[in-house]
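Take a look at the letters that make up each chain.
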Amino acid sequence: MRESNEITALDRTLLDGFQRDFPLEPRPFARIAECLGIGEDEVIERLRLLQEAGLVSRVGPVFPPNRIGVSTLAALAVEPERLEEVAALISALPEVNHNYEREHHFNLWFVATAPNRAHLDRVLEEISERTGLEVLDLPMIQDFHIDLGFRLQWT
Amino acid sequence: MDMKVYPNPLDCDASAPQIQSELDDPVQKALIKAIEGGLPLTARPYALIGERLGICEAEVIGRIQLLFDNDLIKRMGVVVRHGQLGYKANAMVVWDIPDERVGEIGRCFGRFPFVTLCYQRPRCLPQWRYNLFTMIHGRGHDEVRARIETMADHCALQDKQYEVLFSRRCFKQRGARYVSLDGEPGQSE
């Protein structure tokens, strides 16, 4: 796959068809393999390649926000010449899992999670101190979206 | 510097007794830590996790089922990186919705298949006036903009107060770590 840089029909099925209901049984990949009519080893190998290629982040659980721990969406308005330096500082924090540059006055957006709010507050305070910037802290109030995974349209 | 913490109404929910007691259980906590970065890609992943935690395979499966039963896992499976799959235009669209309509509009927006996240968040005046956040994926800026129009029209939003924040660069994207954060906050990885 990486050699040809092509996504096969099998990859598409793996990417699109198994985003939820991962089998909770001793040999989950064997169950998936059975659905696809291929071998268990092949399923594992394809997923490993897709992960290596960066197309798959992981095979695992997605936790709802603010149930197990707490999270927030935060933003900074960074001077363009400092953006990479500040982004690197933020990405290095283990509490941060998403960090994006976006087209706006608030140009750096990141999601931070922690076991509790006090921990999260300390992280945001540290970011504010180390960058000298004000942190826009926008924790979720209500989730209106039902997560059915991400439907890919192959064209 | 203003580092005010905004009251989050859901905090009450997050500390509901049942959930709290479950997370006080060190094995359950260790299990979450073991799976939050993804399951091992091996024939018997639950057995391997159990080995690491000192519990049996069946207990691992039972405990993951318990997390589902308590709505502590939203879904489990392949988590794709859409940015790598041709969905180059990932736009965070932020809307200024009258507070009394935010529930109705949020539910309406949340039903579109191309809306992958739809959250109400606090305003932070004067810097930030938007209270509804939607993540919209599309294969180009035009497609995303057309989808925004569709949403606003379909949900009868006359006063379209919104901004589109297209992503320019992704510096980091991985699953959240809720419990794998031993030690002091903010220590570099």
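Parameters and conventions
- Residues numbered from 1 in each chain as written.
- Chains lettered and ligands numbered in written order.
- Predicted model: local features only at pLDDT ≥ 70, side-chain atom pairs only at ≥ 80, totals over all residues.
- Heavy atoms only, no water.
- Helix = DSSP H or I, 4+ residues; strand = E, 2+ residues; numbered from the N terminus.
- Contact = heavy atoms within 4.5 Å.
- Buried < 20%, exposed > 50% of the residue type's maximum accessible area, 1.4 Å probe, protein only.
- Areas by Shrake-Rupley, 256 points an atom, 1.4 Å probe, with all protein chains shown as cover.
- Core = buried A, V, L, I, M, F, W, Y, C linked by side-chain atoms within 4.5 Å.

*Asks:* Describe the overall build of chain A, with residues and values.
*Replies:* Counting secondary structure elements, chain A contains five helices and six strands. Here the contacts in chain A between residues at least 6 apart in sequence split such that 61% fall between residues at least 24 apart.

*Asks:* Describe the overall build of chain B, naming the residues involved and giving the relevant values.
*Replies:* The number of helices and strands found in chain B is seven helices and five strands. For chain B, the sequential pattern of α-helices and β-strands runs α-α-α-α-α-β-β-α-β-β-α-β. Across the 189 residues of chain B, 50% fall into the buried class. In chain B, once contacts between residues fewer than 6 apart in sequence are set aside, the share between residues at least 24 apart is 61%. Surface exposure of chain B reaches about 8,900 Å², of which carbon and sulfur atoms provide 50%.

*Asks:* I'd like a description of the nonpolar core, backed by residues and values.
*Replies:* In terms of nonpolar packing, the biggest core is built from 34 residues, with A:Leu14, A:Phe22, A:Leu47, B:Ile35, B:Tyr46, B:Ile64 and B:Val78 touching the most fellow members. Listing elements by their share of this core, those giving two or more residues are helix 1 (9-17), helix 2 (28-36), helix 3 (40-52) and strand 1 (56-62) of chain A together with helix 3 (26-35), helix 4 (45-53), helix 5 (57-69) and strand 1 (75-80) of chain B. If near-sequence neighbours (up to four positions away) are discounted, A:Leu14 is found in contact with A:Ile32, A:Leu36, A:Val43, A:Arg46, A:Leu47, A:Leu50 and B:Val78. Among the nonpolar cores identified, the runner-up in size contains 23 residues, and B:Trp95, B:Ile97, B:Phe112 and B:Cys118 belong to it.

All quantities given are derived from atomic positions and should not be read as evidence of function.
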